[in-house]
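Residue-level listing of the chains:
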Amino acid sequence: MEEKNILDTIKTIQIIDRDLLKANDYNPNMVLEENLKLLERSILNNGWTAPIVVTKDLVIIDGYHRWLVSGREPLKSLLNNKVPIVIVEHKSHKEDIYGTITHNRARGTHLLDPMKKIIKELIESNVPIQEISKELGMREEEIFRLSDFSREDFLKLMIKDYSHSKAKKITSTNVMK
């Protein structure tokens, strides 16, 4: 096996027009719309942190969903229709497929206990449930299941951050007759 510098790929980073890229026809990864919205929120909050990985023919190996949301507003305008890419030099189509699958599988999944610890920390830091839901892209029911709170205590947490307008006292002098 020939020795190669595995940092060479990152040296190919460029920013190009997103419309030049092409989706591959073999990516088995599907993302729900709510997760695409979370990805968009992540890019808006954190900036663009990982380039799209493409072949020399500009076929996407990894980053299809980043590319997809980059075509939606407000990202499309904020990015001026551009995206960062790196080019991989695969010798065959099967290597393209391997690259797509290994990128997808390498991301892993969230483990239950560490997620419970994160939810507990946020709640104990008085972060409103609605904010946790919005920022982590989780439904409130998911947060409840991870929180280990009783249903009643969790409902109290959910309503504690809502403010209510004061009721106006109505007297006979200010009621229209």
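Keep in mind it's a predicted model, so treat the numbers as computed, not measured.

Here we come to the sheet that holds strand E4 (residues 82-87). The strand order across the open sheet built from four strands is E1-E4-E2-E3, with neighbouring strands paired in mixed fashion. Of all the strands in the sheet, just strand E1 (14-17) and strand E3 (60-62) have a single pairing partner and so form its edges. With strand direction ignored, the average angle separating the axes of adjacent strands in the sheet is 50 degrees. Examined bridge by bridge, strand E2 (residues 52-54) and E4 share three bridges and lie parallel to one another. Its bridge partner lying in E4, Val54 is registered against Ile87. Relative to the sheet, helix H4 (residues 93-106) contacts E2 and E3, its axis offset from that of E3 by approximately 35 degrees.

Let's shift gears to helix H7 (residues 140-147). Those residues of H7 not exposed but buried are Ile143, Leu146 and Ser147. Seen along its axis, H7 keeps its buried residues to an arc of 100 degrees; they face one direction. At its buried positions, H7 is contacted by helix H5 (112-124), helix H6 (129-136) and helix H8 (151-159). Just downstream of H7 lies Asp148, where phi reads positive at about 65 degrees.

What follows covers unusual backbone geometry. The bulk of non-glycine residues show a negative phi, and the bulk of peptide bonds are trans. In this structure, Pro74 follows Glu73 across a cis peptide bond, with omega equal to 5 degrees. In this structure, Leu58 takes a positive phi of about 65 degrees despite not being glycine. The residue Leu58 is located in the loop between E2 and E3 in this model. The residue Asn80 is not glycine, and still its phi comes out positive at about 55 degrees. Within the secondary structure, Asn80 is located in the loop between helix H3 (75-78) and E4. When its relative accessible area of 59% is taken as the criterion, Asn80 is described as exposed.

Here the focus is the pairing of E4. With five of six residues buried, E4 lies mostly within the body of the structure. For E1 and E4, the ladder comprises four bridges, and the chain directions are antiparallel. The residue of E4 that forms the bridge with Ile16 is Val83.

Looking at the secondary structure, you find Asp62 in strand E3. By relative accessible area, Asp62 is classed as buried at 7%. One polar contact links Asp62 to Arg66, side chain to side chain, over a distance of 3.0 Å. In contact with Asp62, not counting residues within four places along its chain, are Ile52, Val53, His103, Asn104 and Arg107.

What counts, and at which threshold
- Residues numbered from 1 in each chain as written.
- Predicted model: local features only at pLDDT ≥ 70, side-chain atom pairs only at ≥ 80, totals over all residues.
- Heavy atoms only, no water.
- Pairing = 2+ DSSP bridges.
- Helix = DSSP H or I, 4+ residues; strand = E, 2+ residues; numbered from the N terminus.
- Axes fitted to C-alpha atoms, helices over the stretch in contact; angles between N-to-C directions.
- Contact = heavy atoms within 4.5 Å.
- Buried < 20%, exposed > 50% of the residue type's maximum accessible area, 1.4 Å probe, protein only.
- Arc of directions from axis to C-beta.
- Polar contact = N/O pair within 3.5 Å; in protein donor to acceptor, adjacent residues only side chain to side chain.

In short, geometric facts, not functional conclusions.
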